[in-house]
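# Examining the three-dimensional arrangement
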Amino acid sequence: MSSLPSMRRHALALMVVCVGAVAAPRAGRADDLSTLDSLPGRLDAAASAALSATSIPFDPTHVSVGALADTLPDAASVQRWLRENTTFDPYDGALRGARGVLFSGGGNALDRALLACGLFAERGVACRIATADLTDDQARALLESAVTSSSWSGADAQADAPGYAPGADARRRGQVTRHYWSQINQGGRWTDVDPTFPGLRVGEAVGEATSTFAPDDTPDAVERQVTIGVYFSASTSRGGEVLSVSAPLLDVAYRNVSLTLDRSSGAVTPALDLGAGPQRGAGIPLVGLDRVWLQIVVRTGAVEERILRDLYVSGSSVNLFDRDEAVLSLVLLPGFVGDGYLSAVAATLAGNVRADVEALRGALPAPAGLDVTARLPSDLAARARARVSDALGLVSLSFANTADREAVRLGRALGVRPYFSRPRVLIAGAFRDGATTEVQLDVRADEIEAIPDAGVPAVAATAFVAVRGPVEAAIASDVLSALVGRDSLGVDDAIERATASGATLVTVYSGTVRRLSSLGYSAEAVGRLEALVNTDGRVALAPNRDDEGAGLAWWTLEPNSGAISGGNEHGAFDASTFLPDGFAESQPSDGRVAAIAATSDLVAAVFGSVRAVAEGRPQADRDATLCAALCTVASMRRSLCSDERDRTVPRASACIRGATARDAGALVALGTSCSAQLLPAYCGAAIAESASAGRVETVAGPSPPLPTPFGYERAPDLAACECEASR
């Protein structure tokens, strides 16, 4: 494999690494654990026995709730532990459950009450959930108790501007008005145990409970249901749904959901496995096929959230259905991925997976005796695919663990506390063509909230979500490269390459989208950008010409929040994907590379590297990643809406005053012009630039840092970053 030039690897929504013959095939070893239709030879009894264990879900409950319960002998200790070791996160409904609060280090009142009941149940104590509506004053007090006090200093800090007041945040007040706590049965009487509302002791409650329910009987109005489906459209048939599986979110969260796509004569058949065995869908005809997509719907009462990912689009240069085989892992994560959770999952899976890989390799005959027409028995094929899915799931969890840690550090530097208010979906895939396997990581459905510290200008949250996108992109690239053992190229690299060759960045929005054809973009790039602007209501910042060899890449901006992510024309999931020169290595001349080596090496590499990834990189490297992302966002102020005649570029001080004047403290787009539409993005960039120049710094208040599953690492010194925009 040719080496890539030394460059920053940032900005990645969907990262691809090709694992061609990662090492020369050795005698007695075949080439690709995920390939199963053309696997040669037969496995002996030892290999069959080694692969017989089913894949373990990503749910190590045996090291969580039960172990903790043994250390908490009474109600007072349960209440105290939850208050001291978990945060209160304001969001609606049941999102994480008992396991999720423990894994991620926080939750709302309902999820914390569910964990309390789980701890009591481990000790044989009957427990139920009580609920009541808080008064407005009580809701304000609860929000204020959950927020650390800090302030901003520096030339742009605007000391006279009001800081964030949690009690005045109407949106978040509405999310906490319905309150929940636990009640335990002691001697035939129900005793209140509220781990969330401050100041209450065992036996005290905020008011009279209006209703109660058992922990395993959550009301429909607050229980989230998830439906995962595969759909298609075609010119020669009616199209529609071919596979759909539904389950409560709490039964699916923190587990590995496997999706496989089996191609046979004239059709592709999807299969989903949520942990109870695969459910196969109807065949998708290849003739006249226009589009195939994955749809994930999360419902809470009458409210729906939809996540769509294209698996195939007619005419696209990169399509999953062009591959010999596809195995995908879907991990739904409603909270942080802490160190303990990742380590427990890796330890639970690693022994079996490594043993399976070695047993499978050792059982195969030497290449000279391969029968290339032979197949694995279907049961062993399914188990082998499960091992690949396990490895892919660990790629997603390793990314989440590293990205979440850096989100907490970035939040501390900017004066905000990040948390998840909806489930994120991380999708990793292995796609084989012959002896080459591509590994993809899709992190676009990874939205996060940030609640500012009391006293910090609310625009800090806007700056946080702007900078976090490039941070995540860099981490996705780094983690994938570290786990798979292959270098990777991201959106930021492609944009840097284009601008270094003389290209300038242009803003693609409603006023300029019609001019795309004049820029010489490919038809695929034009189509994706038009959909981004016209259908999704987003804006792109892209080079004014394609960079030969890498494909057109761009930054995607969300007007209402200022959030930034990456994308490019070759996205198999309609996001960024690159195949750098030298990744697709040629097969040996005899053409008899067994179909198993590339992905068996992938599985072995992931499980061999996950511990090192979990332990993290040196502090200097991590700070450099945050600084590079900060500088990327800061530099955007020079390019956004640069062709607009009446362009308005707000200063950081104006952004601070504008955001704090609103009830919820959030910036919003104020019009349809480019500058007005991108006001949050402009302000996020302005704060990023001020932070890198030392003109805005967070001064921690008297409150101690809030608990996280990562410990109390020092916040990065953003003022030490050296950005061209600040010189």
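The structure contained in this document is the topic of the report that follows. Fair warning: this is a prediction, and the values are worked out from it, not measured in the lab. (Residues numbered from 1 in each chain as written. Predicted model: local features only at pLDDT ≥ 70, side-chain atom pairs only at ≥ 80, totals over all residues. Heavy atoms only, no water.)

This part takes up the overall build of the chain. Assigned secondary structure in the chain consists of 18 helices and 26 strands. For the chain, with 727 residues in total, the buried portion stands at 58%. The long-range fraction of contacts in the chain, counting pairs at least 24 apart against all pairs at least 6 apart in sequence, stands at 78%. Accessible surface for the chain amounts to roughly 26,800 Å². Of this, 49% is attributable to carbon and sulfur atoms. (Helix = DSSP H or I, 4+ residues; strand = E, 2+ residues; numbered from the N terminus. Buried < 20%, exposed > 50% of the residue type's maximum accessible area, 1.4 Å probe, protein only. Contact = heavy atoms within 4.5 Å. Areas by Shrake-Rupley, 256 points an atom, 1.4 Å probe, with all protein chains shown as cover.)

Quick look at unusual backbone geometry now. Where the residue is not glycine, phi is negative for most of them; where a peptide bond is considered, it is trans in most cases. Unusually for a residue other than glycine, tyrosine 254 sits at a positive phi of about 60°. Relative to the helices and strands, tyrosine 254 resides in the loop between helix H8 (249-252) and strand E11 (256-264). Judged by its relative accessible area of 0%, tyrosine 254 falls in the buried class. One non-glycine residue, cysteine 641, lies in positive phi territory at about 55°. Along the polypeptide, cysteine 641 turns up in the loop between helix H15 (619-635) and helix H16 (652-660). Overall, cysteine 641 belongs to the buried group, its relative accessible area being 0%.

Attention shifts here to the packing of aromatic side chains. Counted under the stated rule, the structure contains seven aromatic pairs. With a centroid separation of 6.4 Å and an interplanar angle of 70°, the aromatic rings of tyrosine 180 and phenylalanine 213 are classed as edge-to-face. One end of the pair, tyrosine 180, is in strand E6 (residues 178-186); the other, phenylalanine 213, is in strand E8 (residues 211-213), with 33 residues separating them in the sequence. Here tyrosine 180 and phenylalanine 213 have matching classes, each one buried. Each residue in the set Phe103, Tyr254 and Tyr341 is aromatic and connected to the rest through ring pairs, giving one cluster. Over the aromatic face of tryptophan 293 sits the side chain of arginine 291, whose NZ or CZ is 4.2 Å from the ring centroid. (Phe/Tyr/Trp six-rings, centres within 6.5 Å; stacked < 30°, edge-to-face > 60°. Lys NZ or Arg CZ within 6 Å of the ring centre and 35° of its normal.)

For strand E23 (residues 539-543), a buried count of five out of five residues is recorded, marking the element as mostly surrounded by other parts of the structure. Relative to E23, strand E22 (residues 505-508) is paired through four bridges, and the arrangement is antiparallel. Its bridge partner being in E23, leucine 505 is matched across the sheet by proline 543. One ladder, built from three bridges, connects E23 with strand E24 (residues 553-557); its direction is antiparallel. Within the sheet, the bridge partner assigned to valine 539 lies in E24 and is leucine 557. (Pairing = 2+ DSSP bridges.)

With that out of the way, let us pick up the state of the cysteines. For the structure shown, the criterion picks out five disulfides. Paired through a disulfide, cysteine 117 and cysteine 127 show a sulfur-sulfur distance of 2.0 Å. Taking the sign of the S-S torsion, about -65° here, the bridge from cysteine 117 to cysteine 127 comes out left-handed. Linking cysteine 117 in helix H5 (residues 109-122) with cysteine 127 in strand E4 (residues 127-133), this pair joins segments that are 10 residues apart in sequence. Accessibility assignment for this pair places cysteine 117 and cysteine 127 in one class, buried. Two residues, cysteine 627 and cysteine 721, share a disulfide whose sulfurs are 1.9 Å apart. (Disulfide = S-S within 2.5 Å.)

Below, the discussion takes up the sheet that holds strand E10 (residues 240-248). One open sheet accounts for four strands, arranged E10-E9-E15-E16; its pairing is antiparallel. Only two strands of the sheet have a single partner each, and these edge strands are E10 and strand E16 (303-313). When the angles between neighbouring strand axes are averaged without regard to direction, this sheet yields 15°. Bridge analysis of strand E15 (residues 289-300) against E16 gives 10 bridges, and the strand direction is antiparallel. Bridged to leucine 294 within E16 is arginine 309. (Axes fitted to C-alpha atoms, helices over the stretch in contact; angles between N-to-C directions.)

Following the criterion strictly, the structure yields 30 salt bridges and no others. Residues arginine 695 and aspartate 156 are paired through a salt bridge, measuring 2.8 Å at the closest nitrogen-oxygen approach. Taken together, the positions of arginine 695 in the loop between helix H18 (679-692) and strand E26 (697-700) and aspartate 156 in the loop between strand E5 (150-153) and helix H7 (170-176) put the pair 539 residues apart, joining distant regions of the chain. Judged by its relative accessible area of 15%, aspartate 156 falls in the buried class. Notably, a salt bridge pairs arginine 422 with glutamate 305, separated by 3.4 Å at the nearest N-O pair. Of this pair, arginine 422 sits in the loop between strand E18 (416-419) and strand E19 (424-433) while glutamate 305 is found in strand E16, placing the two residues 117 residues apart along the sequence. (Salt bridge = Lys/Arg side-chain N within 4 Å of Asp/Glu carboxyl O.)

Secondary-structure assignment places valine 508 in strand E22. For the pair valine 508 and cysteine 674, spaced 166 residues apart in sequence, the C-alpha separation works out to 9.2 Å. In this view, valine 508 contacts Val513, Leu516, Val533, Val539 and Ala540; residues no more than four positions away in its chain are not counted.

In this fold, aspartate 404 is placed in helix H10 (residues 378-414). Overall, the relative accessible area of 0% leaves aspartate 404 in the buried class. In this view, aspartate 404 contacts Gly335, Phe336, Val337, Phe420, Arg424 and Phe710; residues no more than four positions away in its chain are not counted.

Turning our attention to H15. The first and last C-alpha atoms of H15 sit 24 Å apart over 17 residues, in line with the 24 Å expected at 1.5 Å per residue. Of all 17 residues in H15, 12 are buried, a share of seventy percent or more. (Expected span 1.5 Å × (residues − 1).)

Where helix H3 (residues 75-85) meets H5, the closest approach of the two axes is 11 Å, and the angle between their N-to-C directions is 140°. When the axes of H3 and H5 are compared, the pair comes out oblique. Viewed along their axes, H3 and H5 form a crossing whose handedness is right-handed. Contact residues: Ala75, Val78, Trp81, Leu82 and Arg83 in H3; Arg112, Leu115, Ala116, Leu119 and Phe120 in H5. Along the lines of polarity and charge, the residues of the contact of H3 with H5 split into eight nonpolar, no polar and two charged. (Parallel < 35°, antiparallel > 145°, perpendicular 65-115°, else oblique. Left-handed = near helix turned anticlockwise from the far one by under 90°. Nonpolar A, V, L, I, M, F, W, Y, C, P; charged D, E, K, R; others polar.)

Attention shifts here to the sheet that holds E23. Hydrogen bonds between backbone atoms are what pair the strands of a sheet, whose relative direction is either parallel or antiparallel. Taken together, the four strands give an open sheet; going across it, the order is E22-E23-E24-E25, and neighbouring strands pair in antiparallel fashion. Strands at the two margins of the open sheet, each flanked by one partner only, are E22 and strand E25 (564-568). With strand direction ignored, the average angle separating the axes of adjacent strands in the sheet is 30°. Against the sheet, helix H12 (residues 491-500) touches E22, E23, E24 and E25, its axis set at about 120° to E24.

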